[in-house]
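Listed below are the residues making up each chain.
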Amino acid sequence: MADKYVPQEIEPRWAERWEREELYRSVVDPDRPKFYALTMLPYPSGDLHIGHWYAMSPSDARARWLRMKGYNVLFPMGFDAFGLNAENAAIKRNIHPRIWTYKNIDNMRRQLRTMGAIFDWEREAVSSDPEYYKWTQWFFLQFYKNGLAYRAEAAVDFCPTCNTTLAREQVWGDDRHCERCGTPVIKKDLEQWFLRTTAYAEELLDHSQIDWPERVETMQTNWIGRSEGAEVTFRTEDGDPMEVFTTRPDTLWGATFMVLAPEHPLVEKVTASEQRAEVEAYVAAAARKTEIERTAEGKEKTGVFTGGYAINPVNNERIPIWVADYVLISYGSGAIMAVPAHDQRDFEFARQFNLPIRIVIQPDGMDDLNPDKMTEAWPGEGVMVNSGQFDGTDAHYSDDGKKNHAVSVVTAWLEEKGIGHGAVNYRLRDWLISRQRYWGAPIPIVYCDKCGTIPVPEADLPVLLPPDVDFRPTGESPLRYHEEFLHTTCPQCGGPATRETDTMDTFMCSSWYHYRYLSPLYDGGPFDPEESGYWMPVDQYTGGIEHATMHLMYTRFFTKAMRDCGVFEPTDAVARRLGRDTTHLYDEPMLRLYNQGMILGEPRPGDLIVARGAFDGEKFNAESVQVVPSLHDAPSPSDVLVAGEVMKRTETTLSVMSPDGRMVVVDTDEHTAFSIPGFGEDATINQIKHHLEVEKMSKTQGNVVAPDELVERYGADVVRGYLMFAFRWEQGGPWDSQGIQGVVRWLNDVWAVVVDGAPDGTSDPEAERDLRRKVHQTIRRVSDGLESFGFNTSVAALMELKNTLQDVKRDAHVSLATWDEAVGTMLLLMAPFTPYIAEELWQRTGHEFSIHNQPWPEYDPEIAAEDMITLVVQVNGKVRDRIEVPADISEEDAKQLALESDAAQRHMDGKEPRKVIFIAKRGMVNIVV
RNA sequence: GGGGAAGUGGCGGAACUGGCAGACGCGCAUGACUUAGGAUCAUGUGGAGCAAUCCGUAUGGGUUCGAGUCCCAUCUUCCCCA
């Protein structure tokens, strides 16, 4: 066989032709159903990661499949190009972020092209282009005009490493670290810009118009954190109102003290002079703590009595006001009524400071709670006691767990009395979008001494980033020191004014990129209504789960806010003209979402070693350490010898796990002799490899897989095929550099079986039917896999069909027509997965360009049906025999055959069958004795 | 602490609504071709047993003619929330 599969030769050739003939241009076509497929846009870090391939190539396969099924498919690509990496690189290596970014984009564009995806590059959008961020700024102005953007002073999260503030969603984990760099955040009081996401809390909770993974919906629901209760107004003795939110107004009579957050504005006023010094010291100390240090349960509670008192409006009781850092100013109103009997944190606080505890809910079927003996709060249901006229009120939740009868009754009473009202509280906060960095879209606002805060007129957009800036090693934004940028004239009075120097969170840019893709060059608005009226919304979105409460919330908010600002009005006119149903058309950006998993690093075993020396207690002092190929021939362990796998390596010690699972620490010094094959006698401990756990790929771990190298070595089809075959897409898993061979063999075999031509051509009807059956069964399995994102099963089915073709070629006789049809169908089925080889072999089998414009093969259930099946005979549910029978066997015949089976007879043990069950669709009989 | 997802050969993973567990592939084993093999081809490959057969989907119960799949409890891992 002279002609071999050389992907390096065929792939660039087809890539060039597809591009030249604009095969993948997507053009509005009202006569065809549209499908907008989208995968999350990459950040231009410089190199396409294997994770990008894993996210994009299966999405591409699915988009290609839909295309062959007759949809007008749009599958665009672009870059989320603003952000800190560029700026940090600029500081470190003295390259301008723009240069760094656009160089990276060029490289990634090239890498993306090798993938062979159907990206329509005419629609590429780059968020750092002025033509793009002009519209990001424009959106900000629309939101500002509609009251959805505002500036406020607040205690905000600040990342000291990134030197900028962060949105609440970008602070992660128990230690409240920066989502980007992992540094724990600190609190700062700053004036910042916010978008009013909380205005959409209720609508964001509603996922009824979208088909998203439950996991994401749950995460968003938790994040929004809706709780129902009441807002009650307490007053200080001086009469200053203090709003308190509680989910349990039925416990109001149990409030024995109040707690203010250290940042609460009333702290200063209520503090008595003799307590002032102590309170001020406490407030200052709290400011230095992280939120998690403050609120962790189980930690010893701290707090200080202010000396002031409040009046509980339900019973006019005088209760002390404390300051404690477990109350956060950012949640609710920053003040709580403390009900120690029924709230665990209040309980701990009361115990700590000997504050009174009063029972107001008596649980069912328990002895009366005793405040002196309780070891924890009772947060559950019961009956109201010690609560005046409400004593005896039933405080149980309704069956759905949502409504508490006592809560409703008390809330109604509060409203009647005018001391409180039913209220809903959300954990969700407004989106902080100010970033004190350079490489982002400038917030289009100027500050004028005379006129105040003035938006930049739309006609003056974009507010351009000045190119000539000096980056400071601290990361502080150079815009603050750029005189020309900073000083401007007020658009209203023409007098001197200064510009806002903060830029916008890059999640602003990525909240609407799927609209910009529709018309990246359009200048009459953020997007061309002729395009959006046809294409929007996104039909299928794919990407990682890590954005569940960030990007995926922001983009939903954005679309809803755009709708309410009237941005979609021109779109609506076009959509109606096209006869589309516009109900809910502008409510959600992406109708279906699917999350793929992550490719992890390849696990690596540690070196196997034999160490000689002596034990010193638990520790083993080694005289020599020898790396061996296997432990089979190693002498057995003893007092002077340790053998096993190196699990960990530090400067002078090796943690060695012996085959029986025992860990020994082997200590070495400068006299220890190391012998490592390939390193000669000069080897050192540093050359010994240690075990590497499966984890995220990272440069420091040395477990990064470079797609460029893989493509060069195996071709893009192999890389695509392997990524789709080897993992469950939604799950991902560790890379396996050997496993890829399976896909290499698959494509080599496909090549050989197709290029070598048909078998002899003499026809055997049975073989013909078998082959055609297999082909149609494969159509079904491949289609089902694509439909359900089960790419691995689709590829498995294609491999099976290839195996069948090999067998047919060797042993069976089929006509040329049948063979050609089988081969042609296989190539069509392969086209979404491995587009290059499919195109090449399509041409070589005498078909016209291009396979990617062919319709998807039709599945015919009649051809796919088996005519013989294996009848499984069970006795008491255990398989005892298998009999070949016609597929259309009658129930009587099947039962009779089963009962006559020797093996079944043997296991029936002479007993009479009590029942015989026949399952037609499974071809099975179960005899019960 | 609350909620959710998952646990199947040495490995990645199949198994549609309860119906032949382990498809497909990696690896491994044996053989062939080779100066050679990290190439290719053939055969085998869940475990135990000479065998008939038995045991096997984290563990223990349950429902069912029949359970990887449904129910209850337990253990482990991961995620989210506190």
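Everything quoted here is computed from the prediction, not taken from an experiment.

Asks: What is the right way to read the overall build of chain A from this model?
Replies: Of the regular secondary structure elements, chain A holds 28 helices and 40 strands. Projecting the C-alpha coordinates of chain A onto the three principal axes gives extents of approximately 105 × 80 × 80 Å. By the burial criterion, 53% of the 929 residues in chain A qualify as buried. About 41900 Å² of surface is accessible on chain A, with carbon and sulfur atoms providing 48% of the total.

Asks: Looking at this structure, I do not really get the protein's contact with RNA strand B. What am I missing?
Replies: Of all residues adjacent to RNA strand B, which total 40 residues, the nearest are Arg-427, Ala-726, Arg-745, Arg-922 and Asn-926. At 2.3 Å, a side-chain N or O of Arg-745 approaches a phosphate oxygen of RNA strand B. Sorting the residues of the surface near RNA strand B by element identifies helix H7 (214-224), helix H21 (740-755), helix H23 (791-811), strand E37 (868-875), strand E38 (878-886), helix H28 (902-908), strand E39 (915-919) and strand E40 (924-928) as the ones contributing at least two each. Tallying contributions element by element places H23 first for the surface near RNA strand B, with seven residues. Of the residues contributing to the surface near RNA strand B, the split by class is twelve nonpolar, twelve polar and 16 charged.

Asks: When you look at the sheet that holds strand E16 (residues 361-362) in this model, what are you seeing that I'm missing?
Replies: Each strand in a sheet pairs with another by means of backbone hydrogen bonds, the pair being arranged parallel or else antiparallel. What the three strands build is an open sheet, ordered E16-E17-E18; its pairing is antiparallel. The sheet terminates laterally at E16 and strand E18 (394-395), the two strands that pair on one side only. Bridge count for strand E17 (residues 382-384) against E18 is two bridges, and the pairing is antiparallel. Directly across from Val-383, in E18, lies its bridge partner Asp-394.

Asks: What's the story with unusual backbone geometry in this structure? I'm lost.
Replies: If a residue is not glycine, its phi is most likely negative; likewise, a peptide bond is most likely trans. Between Leu-461 and the following residue, Pro-462, the backbone shows a cis peptide bond with an omega angle of 0°. Within the secondary structure, Pro-462 sits in the loop between strand E23 (452-455) and helix H13 (483-486). That bond from Phe-849 to Ser-850 is cis: its omega, 0°, falls within 30 degrees of zero. Here Ser-850 shows up in the loop between helix H25 (835-844) and helix H26 (861-864).

Asks: Could you clarify how one ought to interpret the sheet that holds E23 in this entry?
Replies: Judged by pairing direction, the sheet is antiparallel, and its four strands sit side by side in the order E23-E22-E25-E24 without closing on themselves. Strands with a single pairing partner mark the edges of an open sheet, and in this sheet they are E23 and strand E24 (487-489). On average, adjacent strands in this sheet sit at an angle of 40° to one another, irrespective of strand direction. Bridge count between strand E22 (residues 445-448) and E23: four bridges; the pairing is antiparallel. In the sheet register, Ile-445 faces E23, and the bridge partner there is Pro-455.

Asks: Could you clarify how one ought to interpret the pattern of salt bridges in this entry?
Replies: A side chain of one charge can pair with a side chain of the opposite charge when the charged atoms of the two come close. One pass over the structure, following the stated rule, counts 49 salt bridges. The closest approach of N and O atoms between Arg-32 and Asp-29, which form a salt bridge, is 3.2 Å. On the basis of relative accessibility, which here comes to 37%, the residue Arg-32 falls in the partly exposed class.

Asks: For this particular structure, what's the right way to read H23?
Replies: The first and last C-alpha atoms of H23 sit 30 Å apart over 21 residues, in line with the 30 Å expected at 1.5 Å per residue. Buried-residue contacts for H23 involve helix H2 (50-68), helix H20 (716-725), H21, helix H22 (765-787) and helix H24 (816-830).

Asks: How should I be thinking about the packing of H2 against H22 in this particular structure?
Replies: A pair of packed helices can be characterised by two numbers: the angle between their axes and the separation between those axes. Running from N to C, H2 and H22 cross one another at 120°; their axes reach a closest spacing of 10 Å. It follows from the interaxial angle that H2 and H22 lie oblique. Every pair of crossing elements has a handedness; the one defined by H2 and H22 is left-handed. Residue-level inspection shows Ala-61, Arg-62 and Trp-65 of H2 in contact with H22, the latter providing Ser-783, Leu-786 and Glu-787.

Asks: Would you explain the confidence of the model for chain A in this entry?
Replies: Caution is warranted with low-pLDDT regions, since their predicted coordinates should not be read in detail. Within chain A, residue pLDDT values average 87, and 94% of them lie at 70 or more. With pTM at 0.88, the complex prediction returns an ipTM value of 0.94.

Asks: For this particular structure, what's the right way to read the packing of aromatic side chains?
Replies: The final tally for this structure, using the stated rule, is 52 aromatic pairs. Geometrically, the ring pair formed by Trp-322 and Phe-353 is tilted, given 4.9 Å between the ring centres and 45° between the ring planes. Of the two residues, Trp-322 is situated in strand E14 (residues 317-323) and Phe-353 in helix H11 (residues 344-353); the sequence distance between them amounts to 31 residues. Centre to centre, the rings of Phe-390 and Trp-413 are 5.4 Å apart; their planes meet at 80°, and the pair counts as edge-to-face. Of this pair, Phe-390 sits in the loop between E17 and E18 while Trp-413 sits in helix H12 (residues 405-417), placing them 23 residues apart in sequence. By relative accessible area, which is 7% here, Phe-390 ends up buried. Its relative accessible area of 13% is what places Trp-413 among the buried residues. Taken together, Tyr-132, Trp-135, Trp-138, Phe-139, Phe-143, Tyr-200, Trp-431, Phe-507, Trp-512, Tyr-554, Phe-557 and Phe-558 form an aromatic cluster joined through their ring pairs. If you follow Arg-64 out to its NZ or CZ, it ends over the ring of Trp-18, 5.7 Å from the centre. A cation sits over an aromatic face here: Arg-113 above Trp-121, 5.0 Å from the ring centre.

Asks: In this structure, what is going on with the packing of H20 against H25? I would like to understand it.
Replies: Contact geometry for H20 and H25: axes closest at 7 Å, N-to-C directions at 125°. The orientation of H20 relative to H25 falls into the category oblique. In this structure, H20 contributes Ala-716, Asp-717 and Arg-720 to the contact, and H25 contributes Pro-835, Tyr-836 and Ile-837. When grouped by side-chain class, the residues that make up the contact of H20 with H25 number four nonpolar, no polar and two charged.

Asks: Teacher, can you tell me more about the nonpolar core here?
Replies: Nonpolar side chains in soluble globular proteins generally cluster together in the buried interior. Among the nonpolar cores identified, the biggest contains 90 residues, and Ile-50 and Trp-735 are the most heavily contacted of them. In this structure, Phe-82, Trp-138, Tyr-541 and Cys-565 belong to the second largest nonpolar core, which totals 85 residues.

Asks: Is there a simple way to think about H21 in this case?
Replies: Structural remark: α-helix, 3.6 residues per turn; residues separated by three or four positions point the same way. Here H21 is 16 residues long and its end C-alpha atoms lie 23 Å apart, about the 22 Å a rise of 1.5 Å per residue gives. Residues of H21 that are buried: Ile-740, Val-743, Val-744, Trp-746, Leu-747, Val-750, Trp-751, Ala-752, Val-753 and Val-754. Where H21 is buried, its residues touch helix H1 (7-20), helix H19 (707-714), H20, H23, H24 and H25.

Asks: I would appreciate a short explanation of the side chain of Asn-425 in the present structure.
Replies: With respect to the helices and strands, the residue Asn-425 is situated in strand E19 (residues 420-425). Residue Asn-425 is classed as buried on the basis of its relative accessible area of 12%. When residues no more than four places from it in sequence are discounted, the contact partners of Asn-425 are Gly-225, Arg-226, Ser-227, Phe-245, Tyr-331 and Gly-332.

Asks: Would you mind going over the environment of Glu-484 with me for this structure?
Replies: Within the element layout of this structure, Glu-484 appears in helix H13. On the basis of relative accessibility, which here comes to 69%, the residue Glu-484 falls in the exposed class. Placed 166 residues apart in sequence, Glu-484 and Arg-318 show a C-alpha to C-alpha distance of 59 Å.

Asks: Mind showing me how you'd approach the pairing of E38 here?
Replies: Strand direction decides the pairing type here: E37 and E38, joined by eight bridges, are antiparallel. Across the sheet, residue Leu-871 finds its bridge partner in E38, namely Ile-883. Between the end of E37 and the start of E38, which pair antiparallel, lie two residues, with Asn-876 showing a positive phi angle near 55°.

Asks: Explanation requested: the environment of Asn-595 in the structure shown.
Replies: Checked against the element boundaries, Asn-595 lands in strand E28 (residues 590-595). Overall, the relative accessible area of 4% leaves Asn-595 in the buried class. For the pair Asn-595 and Glu-546, spaced 49 residues apart in sequence, the C-alpha to C-alpha distance is 9.2 Å. Those residues in contact with Asn-595 that sit more than four places away from it in its chain are Pro-213, Arg-215, Val-216, Gly-543, Gly-544, Ile-545 and Glu-730. A polar contact is formed between the side chain of Asn-595 and the backbone oxygen of Gly-543, at a distance of 3.2 Å.

Asks: What is the right way to read the side chain of Gln-111 from this model?
Replies: On the secondary structure map, Gln-111 appears in helix H4 (residues 97-114). When its relative accessible area of 1% is taken as the criterion, Gln-111 is described as buried. Contact partners of Gln-111, with chain neighbours within four places excluded, come to Gly-46, Asp-47, Leu-48, Trp-53 and Asp-708.

Asks: Which parts of the structure should I look at to understand the environment of Pro-12?
Replies: Mapped onto the fold, Pro-12 is located in helix H1. Residue classification places Pro-12 among the partly exposed positions, given a relative accessible area of 48%. Considered as a pair, Pro-12 and Pro-603 are 591 residues apart in the sequence and their alpha carbons are 33 Å apart.

Here is what the cut-offs are and how they apply
- Residues numbered from 1 in each chain as written.
- Chains lettered and ligands numbered in written order.
- Predicted model: local features only at pLDDT ≥ 70, side-chain atom pairs only at ≥ 80, totals over all residues.
- Heavy atoms only, no water.
- Helix = DSSP H or I, 4+ residues; strand = E, 2+ residues; numbered from the N terminus.
- Buried < 20%, exposed > 50% of the residue type's maximum accessible area, 1.4 Å probe, protein only.
- Areas by Shrake-Rupley, 256 points an atom, 1.4 Å probe, with all protein chains shown as cover.
- Near = heavy atom within 4 Å.
- Polar contact = N/O pair within 3.5 Å; in protein donor to acceptor, adjacent residues only side chain to side chain.
- Nonpolar A, V, L, I, M, F, W, Y, C, P; charged D, E, K, R; others polar.
- Pairing = 2+ DSSP bridges.
- Axes fitted to C-alpha atoms, helices over the stretch in contact; angles between N-to-C directions.
- Salt bridge = Lys/Arg side-chain N within 4 Å of Asp/Glu carboxyl O.
- Expected span 1.5 Å × (residues − 1).
- Contact = heavy atoms within 4.5 Å.
- Parallel < 35°, antiparallel > 145°, perpendicular 65-115°, else oblique.
- Left-handed = near helix turned anticlockwise from the far one by under 90°.
- pLDDT = per-residue confidence, 0-100.
- Phe/Tyr/Trp six-rings, centres within 6.5 Å; stacked < 30°, edge-to-face > 60°.
- Lys NZ or Arg CZ within 6 Å of the ring centre and 35° of its normal.
- Core = buried A, V, L, I, M, F, W, Y, C linked by side-chain atoms within 4.5 Å.

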